[in-house]
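So you can see what is in the structure, the chains are spelled out below.
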Amino acid sequence: MKLVRGAWKLLVGIKDALVLLFMLFFFGALFALLSAQPNPAAVKDGALLMALDGTIVEQPAEADPFAGLAGGEVMREHRLRDVVRALDAAKDDARVKVVVLDLDRFMGAYPAAVAEVGEAIRRVRDAKKPVLAYATAYSDASYLLAANASEIWIDPMGGTLFSGPGGSRLYYKGLIDKLGVTTNVYKVGKFKSAVEPYLLTGQSPEAKEANEALYGAIFGQWQEAVKKARPKARIEPLLTRPADAVAAAQGDFAKMNLSLGLVDKLGDRLAFGKRVAEIAGADSDKPAGSYKTIKLANWLQANPVKKSGEAIGVLTVAGEIVDGKAGPGVAAGDTIANLMLKALAEKELKALVVRVDSPGGSALASERIRQAILQAKAKGLPVVVSMGSLAASGGYWVSTPGDVIFAEPNTITGSIGIFGILPTFENTLAKIGVTADGVKTTPLTSQPDVYAGTNEEVNRVLQSGIEQGYRRFIGLVAASRKMTTARVDEIGQGRVWDGGTARQLGLVDRFGNLDDAVAEAAKRAKLDPAKVHAVHLEKEPGWFDQLIAGFATGSGDDEEEAAPESGGDIYARLAAGRRAVLAQALGDARRLAGASSMQARCLECAAYGPMAGPTAQADARLIDVVIAKLGW
């Protein structure tokens, strides 16, 4: 009996402890939410601090409150249009004495997004407002942002090298052969290199040709942008003879950067903070190096999005295109289609802009989104497409209803092709003495059979389906772009293009950003572009989502914002970049092996930008698991 009473007391104690932990979690999250609420009234004269920790994306994913519980770091995602709006509002506001770009922990963005933010920074500088940039070590992306500043600082213990786009990619054929896995690939398009890692030990000549052209175009645009923003910066030695440049400075990266005109000042955070305080004013109640700060969240709240005039709907297709429903940062077919149809039923929209920032994914989901967009055309609404950083494969599929397509010169688009991949394990099982047998009543019984392998009949069926999907894809493009299907097939074949080349080929009509697309949509609706406002067709976060986000991001006071953590030196940046590449490779392997539908996806696009969104977060967790298992 004593044993039963003891066990009961133990269970009651465990229950009470769990209730206590839940209450602590709830009230802690509630406190974080209330503390993190933006306060526009708190905006006073000072420095607008743009601490761009993490990445810049088209649509941030929902915060995962448990992401950091297993260790590791949860990086923030900044919405592109919020960053641009903050900068544009700062250039003419007397309360902002200086804009501070803290790029120490900036993990990058796709080229088009970086270029757009860089141009916004330049507008602030051109308005004679000081812009000061700081980092321990700049990456290619962060340096392009800094190049548009009026004053660039770097830590004396840091330094910057430029790597350019490109790099190695993992190929799994050797491993697949050793394991005995049969990789059944069904595809159309000689440039659809997403499946090559499962078929080859290195890139095909066609893939190399396409990648060299794309890398060259994007890197050329980066160099031109840096030279335009900072003519005195001599970047050539670091692009052509980096070892000589470093040796000439006796291994002192920071001094080398200074001598080449890449930076203006060498100094640690304390010195940088004092320099900002000279302009923005010192905060006497805080440690040396602190300055009067305007928090970004408060600044955005004090400068809300325009809501007057007629409504132009903006449907965002951001992230991997998947079947079913999902939260922001993932382009789920059902979710986006429902948002579109609901807006058409409930809102008085005068025109529609489809903002695409996606490498594609499920062909079925892409078609689901396209059909919803066609409903807007059926109601007589002009439809304008605005391509962001990515509009490839399925991302181009959903762009085909557009009356006109805008893109940036360094938008990554095209990849018009279809594929499917199906692994089977008959040879793997044979290695351990396992075989499969059974009764088949038709050629398709139990097919595709992952145990005994596929047969010729099902292979022909699946390949025919892929070919029909490709014909449908190029047919949609041909009708949209007023081309012949033969011409679309010629420039399709799964090849990825930069926005500049895509415009020459007729896949894109004009260069311009989202604001340009909204203005064009207004004109097509016979409205004054100055008298309209954008209505973003997105699900608004509920109170629980805000609670979770507040808990995940924390409140953060001004002192913490004025002196954030260091992002690491040049060696740390290089290591982080290689880790991200491995994480993407592992994630790609998992996604392709588990793909359950016809894919209009551009896996090559991952090489041109940073890890971001729910997919990237899952990849990062996957590599953490692998590293832990290997004991690294």
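Residues numbered from 1 in each chain as written. Predicted model: local features only at pLDDT ≥ 70, side-chain atom pairs only at ≥ 80, totals over all residues. Heavy atoms only, no water.

Quick look at a nonpolar patch on the surface
There is a patch of nonpolar side chains on the surface, built from Leu-10, Leu-11, Ile-14, Leu-18, Leu-20, Leu-21 and Leu-24 and spanning about 730 Å² of accessible area. Here Leu-11 lies in helix α1 (residues 2-36). (Patch = residues over 30% accessible without salt bridge, like charges linked within 9 Å, V, L, I, M, F, W, Y side chains within 5 Å. Areas by Shrake-Rupley, 256 points an atom, 1.4 Å probe, with all protein chains shown as cover. Salt bridge = Lys/Arg side-chain N within 4 Å of Asp/Glu carboxyl O. Helix = DSSP H or I, 4+ residues; strand = E, 2+ residues; numbered from the N terminus.)

Side note on the pattern of salt bridges
Pairing between side chains of opposite charge can happen when the charged atoms of each approach one another. For the structure shown, the criterion picks out 28 salt bridges. The closest approach of N and O atoms between Arg-105 and Asp-53, which form a salt bridge, is 3.8 Å. With Arg-105 in the loop between β4 (96-102) and β5 (106-108) and Asp-53 in the loop between β1 (46-51) and β2 (54-57), the pair connects residues that are 52 residues apart, well separated along the chain. Taking the relative accessible area as the measure of exposure, Arg-105 reaches 15% and is therefore buried. We note a salt bridge from Arg-122 to Asp-126, for which the minimum N-O separation is 3.0 Å. Residue Arg-122 and its partner Asp-126 are both found in helix α3 (residues 111-126); the two are separated by four residues, about one turn of the helix. Among the residues examined, Arg-122 registers a relative accessible area of 23% and is labelled partly exposed. (Buried < 20%, exposed > 50% of the residue type's maximum accessible area, 1.4 Å probe, protein only.)

Considering unusual backbone geometry
Along the chain, Gln-447 connects to Pro-448 via a cis peptide bond; the corresponding omega equals -5°. Of note, Pro-448 is situated in the loop between α15 (426-431) and α16 (456-481). Here the phi dihedral of Gln-250 falls at roughly 55°; this positive angle occurs in a residue that is not glycine. Along the chain, Gln-250 turns up in the loop between α8 (242-248) and α9 (253-259). Overall, the relative accessible area of 76% leaves Gln-250 in the exposed class. For Ser-393, which is not glycine, the phi torsion reads 50° and is therefore positive. Of note, Ser-393 is situated in the loop between β16 (383-392) and α14 (394-397). By relative accessible area, which is 0% here, Ser-393 ends up buried.

Let's talk about α16
Over its 26 residues, α16 runs 37 Å from end to end, which matches the ideal 38 Å to within 8%, given 1.5 Å per residue. Among all positions in α16, only Val-458, Gln-463, Ile-466, Gly-469, Tyr-470, Phe-473, Ile-474, Leu-476, Val-477, Ala-478, Ser-480 and Arg-481 are buried. Capping the start of α16 is the job of one residue whose side-chain oxygen sits 3.2 Å from the backbone nitrogen of Glu-457: Asn-455. Looking at the residues trailing α16, positive phi occurs at Lys-482, about 55°. (Expected span 1.5 Å × (residues − 1). Polar contact = N/O pair within 3.5 Å; in protein donor to acceptor, adjacent residues only side chain to side chain.)

Description of the side chain of Asp-104
By the element assignment, Asp-104 lies in the loop between β4 and β5. With a relative accessible area of 1%, Asp-104 lands in the buried category. Reaching out from Asp-104, the side chain makes a polar contact with the backbone nitrogen of Thr-136 at a distance of 2.7 Å.

Some thoughts on the environment of Val-83
By the element assignment, Val-83 lies in helix α2 (residues 80-90). Between the C-alpha atoms of Val-83 and Glu-116, which are 33 residues apart in sequence, the distance is 9.8 Å.

A closer look at the layout of surface pockets
Of the pockets and cavities examined, the second largest pocket occupies roughly 700 Å³. Surrounding the second largest pocket, 24 residues form its lining, Arg-85, Val-305, Leu-514, Asp-515 and Ala-534 being those nearest its centre. Per element, the largest residue contribution to the lining of the second largest pocket is five residues, and it comes from α2. Taken together, the residues of the lining of the second largest pocket break down into 10 nonpolar, four polar and 10 charged. (1 Å grid on protein atoms, 1.4 Å probe; cavity = no way out; pocket = protein on both sides within 12 Å on 5 of 7 lines; lining within 4 Å. Points joined across faces, edges and corners; volume = space filled by probe spheres on them. Nonpolar A, V, L, I, M, F, W, Y, C, P; charged D, E, K, R; others polar.)

Some words on the packing of α2 against α3
A pair of packed helices is captured by two measures, namely the crossing angle of their axes and the spacing between those axes. Where α2 meets α3, the axes come as close as 9 Å, and the angle between the chain directions of the two elements is 10°. If you check the angle between α2 and α3, you find them roughly parallel. Touching Leu-80, Val-83, Val-84, Leu-87 and Asp-88 of α2 are Ala-113, Glu-116, Val-117, Ala-120, Ile-121, Arg-123 and Val-124, all from α3. (Axes fitted to C-alpha atoms, helices over the stretch in contact; angles between N-to-C directions. Parallel < 35°, antiparallel > 145°, perpendicular 65-115°, else oblique. Contact = heavy atoms within 4.5 Å.)

A few points about the pairing of strand β7 (residues 151-154)
The side-chain alternation of β7 yields two buried faces, one formed by Glu-151 and Trp-153 and the other by Ile-152 and Ile-154. By the bridge criterion, four bridges tie strand β6 (residues 131-135) to β7 in an arrangement that is parallel. Note that in β7 the partner of Tyr-134 across the bridge is Trp-153. Since β6 and β7 lie parallel, the crossover through helix α4 (residues 140-147) that links them has a hand, and here it is right-handed. (Pairing = 2+ DSSP bridges. Right-handed = clockwise from strand over helix to strand, strands pointing away.)

Here's the deal with the sheet that holds strand β3 (residues 77-79)
Working definition: the strands of a sheet are paired by backbone hydrogen bonds and lie parallel or antiparallel to each other. Spatially, three strands are ordered β3-β2-β5 in an open sheet, and the strand pairing comes out parallel. Every other strand in the sheet has two partners, leaving β3 and β5 as the edge strands with one partner each. Between one strand axis and the next, the sheet turns by 35° as a mean value, whatever way the strands run. With three bridges connecting them, β2 and β3 associate as parallel partners. Paired with Ile-56 across the two strands is His-78, which belongs to β3. On the sheet, α2 packs against β2 and β3 and is oriented at approximately 60° with respect to β3.

By themselves, these figures tell us nothing about what the structure is for.
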